[in-house]
Amino acid sequence: MTLNQGTNVLIVEDDTDQRYFLSRILSNVPHHVYLVSMATTLKEAVQSLARQQPQAMLLDLNLPDSQALATLYYMRKHYPNVAIIVITAIDDYDVEYKAMKEGIQEYLVKGQYSKGELLRSVDHALERKRQILEIDNKQKELAEVLHKIRAGNVDAVISSKTPSGSMRIQDAGLVAENEALLEKLEMLANRDTLSKLPNRLYFENNLAVSLRHAARYKQSFAILFIDIDHFKVINDNYGHDAGDRLLKAVSKRMSDCIREGDMLARFGGDEFGLILPQANGERAGRVAKKVNDSYMRPFNLGRQQVRVTVSIGIAVYPDGGENAADLMKHADVALYRVKHSGRNGF
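Quantities reported herein were computed from a predicted structural model and do not represent experimental measurements.

Novice: Quick question: what am I supposed to make of the pattern of salt bridges here?
Specialist: Oppositely charged side chains may form a pair once their charged atoms are brought near each other. Taken as a whole, this structure holds 11 salt bridges when the rule is applied. Residue D262 is joined to R283 by a salt bridge in which the shortest nitrogen-to-oxygen separation is 3.0 Å. With a gap of 21 residues between them, D262 in the loop between α10 (240-255) and β9 (263-268) and R283 in helix α11 (residues 281-294) connect regions that are remote in the sequence. Per residue, the accessibility class of D262 equals that of R283, and both read buried.

What follows is the structure, encoded as structure tokens:
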């Protein structure tokens, strides 16, 4: 998004002082333009969303015409592509936990956050939602192309940001003869092009298989969500090329911490996922500690040496969820708790 376009943010808050406090913070950010609109009720918010859907929403849960989690459930159901940052007076772990499970990006309690924390939360929420939508759209498109090719319908064109540029599939005979092209399509659909690790789509497909296997054989398994702490600082200080080199090195180091049969994936940005088959909470904790400890050694980025840490959220089947959505939400909530309690842990 360019500076001229700005970022549309909707503040849904019935308290006048709080509403204008948030607006002033967003209106005075150097080098970026936030285009702020405001609503005081759920009804006003829906009317505003009908006129223009924002990239992000700062949402108070208790409104004159909607209370607590009912407010969030409505917004998530009807506006799933909007990054939601909850800002509420409800300082309650159960409410926060349920809100995170519902898929919000951040949960802030009124009076307990600084201006910097608010801006970081908005920045993180926007970037995370953008990555999720971009990756999901690209992977669905590529998966559809693969499905059409295997079904004999190859009247398709795909493009990728790779050295090969765009690739055109013209007839079934060409595809049948060109195994290298099919392998390239497979990689684009299932692999992260930077790290060469499996991507989010492949992770979710593997998770579905793991769930069926665990249910059939009455076994446990664990998933870990892993974020590099303050990765944006690396990009800001050393540039995106250095950031890409770090991501490759991080991927390699994490791969060295797991055993054959475990599955490490990169979701995008600084986010990774790990599936540990036949693992209980104890083994998941040991692997998380091993990953954390591996980052005690610095990374070489050309002439610079940098140190990074990671935050890890863990969910174990079946206690942490009996389906993919619940397991991933539990892992995401666990990760969120680690990040908000100082990071560099699990």
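Novice: I tried to follow the packing of aromatic side chains on my own but got confused; where do I start?
Specialist: Each pair of aromatic rings is reported with the distance of its centres and the angle of its planes. Inspection of the entire model under this criterion finds 5 aromatic pairs. Taking 5.0 Å as the distance between ring centres and 80 degrees as the angle between the ring planes, the aromatic pair formed by F203 and F267 counts as edge-to-face. Placement of the pair is F203 in helix α8 (residues 200-217) and F267 in strand β9, with a sequence separation of 64 residues. The class of F267 is buried, set by a relative accessible area of 5%. Centre to centre, the rings of Y295 and F299 are 5.7 Å apart; their planes meet at 40 degrees, and the pair counts as tilted. For the residue pair Y295 and F299, the accessibility class agrees, reading buried in each case. Members of the aromatic cluster, each reached through a chain of ring pairs, are F203, F225 and F267. Taking NZ or CZ as reference, R200 lies 4.8 Å from the ring centre of F267, over its face. The ring of F299 has R253 lying over it, and the distance from NZ or CZ to the ring centre is 3.7 Å.

Novice: Looking at this structure, I do not really get the pairing of strand β5 (residues 106-109). What am I missing?
Specialist: Walk down a regular strand and you will see the side chains alternate between the two sheet faces. Residues of β5 alternate between two faces, with E106 and L108 on one and Y107 and V109 on the opposite face, all of them buried. In this sheet, β5 lies alongside strand β4 (residues 83-88) in parallel orientation, the contact comprising 4 bridges. Among the inter-strand pairings, V86 is bridged to a residue of β5, identified as Y107.

Novice: Looking at this structure, how should I read the sheet that holds β5?
Specialist: Note: strands within a sheet are paired through backbone hydrogen bonds, in either parallel or antiparallel orientation. Across the sheet, which stays open at both edges, the 5 strands sit in the order β2-β1-β3-β4-β5 with parallel pairing between neighbours. Two strands bound the open sheet, and with one partner strand each, they are β2 (34-39) and β5. On average, each strand axis in the sheet is tilted by 20 degrees relative to the strand beside it, whichever way the strands run. By the bridge criterion, 4 bridges tie strand β3 (residues 56-59) to β4 in an arrangement that is parallel. Bridge pairing in β4 links L59 to V86.

Novice: Help me understand the sheet that holds strand β13 (residues 310-317), please; the structure alone is not making it clear to me.
Specialist: Spatially, 4 strands are ordered β9-β10-β8-β13 in an open sheet, and the strand pairing comes out antiparallel. Either end of the sheet is taken by a strand with one partner, and the two such strands are β9 and β13. Averaged over neighbouring strand pairs, the angle between their axes works out to 20 degrees when direction is ignored. Pairing geometry for strand β8 (residues 221-228) and β13, over 8 bridges, is antiparallel. Bridge assignment links D227 to a residue of β13, and that residue is S311.

Novice: I would appreciate a short explanation of α8 in the present structure.
Specialist: Note that an α-helix has 3.6 residues per turn; residues three or four places apart therefore point the same way. Between its terminal C-alpha atoms α8 stretches 25 Å, which fits the 26 Å expected from 18 residues at 1.5 Å a residue. Those residues of α8 lying buried are R200, L201, F203, L207, S210, L211 and A214. For α8, the capping residue at the N-terminal end is N199, with a side-chain oxygen 3.2 Å from the backbone nitrogen of L201. Just beyond α8, the residue with positive phi is K218, at close to 55 degrees.

Novice: Sorry, what's going on with the side chain of R266 here?
Specialist: If you trace the backbone, R266 turns up in strand β9. Judged by its relative accessible area of 9%, R266 falls in the buried class. In terms of polar contacts, R266 uses its side chain to reach the side chain of D192, at 3.0 Å. With residues up to four places along the chain from it excluded, the contact list for R266 reads D192, L194, S195, L197, P198, N199, R200, L247, E271 and F272.

Novice: Mind showing me how you'd approach the environment of K98 here?
Specialist: Mapped onto the fold, K98 is located in helix α4 (residues 93-101). Ignoring sequence-local partners within four residues, the contact set of K98 consists of L69 and Y73.

Novice: Can you help me understand the packing of α8 against helix α12 (residues 324-339) in this one?
Specialist: In a packed pair of helices, the relevant descriptors are the angle between the two axes and the axis-to-axis distance. Interhelical geometry of α8 versus α12 gives an angle of 120 degrees and a closest axis separation of 10 Å. Relative to α12, the crossing made by α8 is right-handed. Here α8 contributes R200, F203, E204, L207 and L211 to the contact with α12, which in turn contributes A324, L327 and M328. Residue composition of the contact of α8 with α12, grouped by class: 6 nonpolar, no polar and 2 charged.

Novice: I would appreciate a short explanation of the pairing of β3 in the present structure.
Specialist: Burial along β3 is two-sided: the face carrying A56 and L58 and the face carrying M57 and L59 are both buried. Relative to β3, strand β1 (residues 7-12) is paired through 4 bridges, and the arrangement is parallel. Across the sheet, residue L10 finds its bridge partner in β3, namely M57. Handedness of the β3-helix α3 (residues 68-78)-β4 crossover: right-handed.

Conventions we followed
- Residues numbered from 1 in each chain as written.
- Predicted model: local features only at pLDDT ≥ 70, side-chain atom pairs only at ≥ 80, totals over all residues.
- Heavy atoms only, no water.
- Salt bridge = Lys/Arg side-chain N within 4 Å of Asp/Glu carboxyl O.
- Helix = DSSP H or I, 4+ residues; strand = E, 2+ residues; numbered from the N terminus.
- Buried < 20%, exposed > 50% of the residue type's maximum accessible area, 1.4 Å probe, protein only.
- Phe/Tyr/Trp six-rings, centres within 6.5 Å; stacked < 30°, edge-to-face > 60°.
- Lys NZ or Arg CZ within 6 Å of the ring centre and 35° of its normal.
- Pairing = 2+ DSSP bridges.
- Axes fitted to C-alpha atoms, helices over the stretch in contact; angles between N-to-C directions.
- Expected span 1.5 Å × (residues − 1).
- Polar contact = N/O pair within 3.5 Å; in protein donor to acceptor, adjacent residues only side chain to side chain.
- Contact = heavy atoms within 4.5 Å.
- Left-handed = near helix turned anticlockwise from the far one by under 90°.
- Nonpolar A, V, L, I, M, F, W, Y, C, P; charged D, E, K, R; others polar.
- Right-handed = clockwise from strand over helix to strand, strands pointing away.

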